[in-house]
Amino acid sequence: MENATAVSSERLTLHGKAFRPYMAAKTIAERVAELGQQIARDYAHVEPVMVVVLKGSVVFAADLARAVSLPMEMEFVRLSSYSGTQSTGVVKALQPLADELCEGRHLLVVEDIVDTGTTLSKFLPDLKARGAASVKLAALLSKPDARLHEVEIDYLGFEIPNDFVVGYGLDYDELGRNLPGIWVAE
Ligand code: 5GP
């Protein structure tokens, strides 16, 4: 079978699409460590539940969780977002958060990237409506120029331009998630 991935030091091809290096693993690690310290300070007196949005956030969440030196639960949700012909997108929880993990709990949602904001502008208010004591958001990346729905990001890694990126959990048709750094489409 032909390998769908080809890597050289300066260029990567996934499913025939070319990417170039954008952000080094070391740069990401330094920022994630800072976010972890900030989160540990802010949650010093409460025990949060980290709510990891599958699949893209898994790599970021694994590093972020280990950078937060506090007792903390980790839970996983799977959301699907599609716009259809409507201007407002529909967001479905394919793997939802259980009620007992929501009611009265301090939730820290972890997302890989906020793009249009469609997914989180529906999901975060839903958690509040279900009785969460607090809901905050940690996102590795944000594309402010792509925003259609406002989303408040409490802990942000980096703002990036409106380009397509892969790596560090983010995929192009399921490839690229295991790249240690972030690459941008050419
Ligand atoms: P939003 O609802 O904010 O438009 O979409 C967020 C989701 O779209 C992210 O969680 C991610 O799965 C996907 N996404 C948005 N931009 C990118 C990108 O540049 N690269 C990849 N791989 N996924 C993206």
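Relevant structure appears above.
For the structure given in this document, a descriptive report is provided here.

About the cut-offs
Note that residues are indexed from 1 along each chain, following the sequence as it is written. In view of the model being predicted, local features appear only for residues whose pLDDT reaches at least 70, and side-chain atom pairs are presented and counted only at 80 or more, with totals across whole chains, interfaces and linings using the full set of residues. Only hydrogens and water are set aside; all other atoms, that is, all heavy atoms of the structure, feed into the side-chain values. Distances are taken per atom, and a residue is near a molecule or strand as soon as one of its heavy atoms is within 4 Å of it. Here a polar contact is taken to be a pair of N or O atoms separated by no more than 3.5 Å, where protein atoms must pair a possible hydrogen donor with a possible acceptor and residues adjacent in sequence count only if both atoms sit in side chains. Note on areas: Shrake-Rupley with a 1.4 Å probe; residue coverage comes only from the protein chains shown. Think of it this way: any DSSP run of H or I at least four residues long counts as a helix, any run of E at least two long counts as a strand, and we number them from the N terminus. Residue polarity follows a fixed list, in which Ala, Val, Leu, Ile, Met, Phe, Trp, Tyr, Cys and Pro are nonpolar, Asp, Glu, Lys and Arg are charged, and the others, Gly among them, are polar. The criterion used for residue contact is that any of the two residues' heavy atoms lie within 4.5 Å. Residue burial is assigned from relative accessible area. The probe radius is 1.4 Å, only protein chains are included, and a residue is buried under 20% of its type maximum, exposed over 50%, and partly exposed in between. Residues grouped as a nonpolar core are buried Ala, Val, Leu, Ile, Met, Phe, Trp, Tyr and Cys residues, joined through side-chain atoms within 4.5 Å.

## Topic: the site of the ligand
Thought 1: The immediate surroundings of the ligand are formed by 15 residues, with Asp112, Thr116, Thr119, Val165 and Asp171 found nearest.
Thought 2: Measuring from an oxygen atom of the ligand, one finds a backbone N or O atom of Asp115 at 2.9 Å.
Thought 3: Look at the ligand: alone it shows 510 Å² of surface, and the protein chains cover 80% of it.
Thought 4: Broken down by element, the residue count for the shell around the ligand peaks at 4 residues, all from strand 7 (residues 106-114).
Thought 5: Of the residues belonging to the shell around the ligand, the class tally is 5 nonpolar, 4 polar and 6 charged.

## Thoughts on the environment of Leu127
Thought 1: Mapped onto the secondary structure, Leu127 falls in helix 3 (residues 118-129).
Thought 2: Beyond its immediate chain neighbours, meaning those up to four positions away, Leu127 contacts Leu97, Cys102, Leu107, Val109, Ala132 and Val135.

## Comments concerning the side chain of Ser80
Thought 1: Counting through the fold element by element, Ser80 comes out in strand 5 (residues 73-82).
Thought 2: Given the relative accessible area of 17%, Ser80 is considered buried.
Thought 3: For Ser80, the residues in contact, after removing those within four places along its chain, are Val90, Val91, Lys92 and Leu94.

## Remarks on the nonpolar core
Thought 1: Formed by 29 residues in total, the largest nonpolar core has its most connected members in Met50, Phe60, Leu64, Leu140, Leu141, Val165 and Ile182.
Thought 2: Of all the secondary-structure elements, those providing two or more residues to this core are helix 1 (25-42), strand 4 (49-54), helix 2 (58-67), strand 7, strand 8 (134-142), strand 9 (155-159) and strand 11 (182-185).
Thought 3: Among the elements that line this core, the one with the most residues is helix 1, at 5 residues.
Thought 4: The contacts of Met50, once residues within four sequence positions are left out, are Ala61, Leu64, Ala65, Met72, Glu73, Met74, Glu75, Leu108 and Val110.
Thought 5: Leu101, Phe123, Val135 and Val151 belong to the second largest nonpolar core, which has 20 residues in total.

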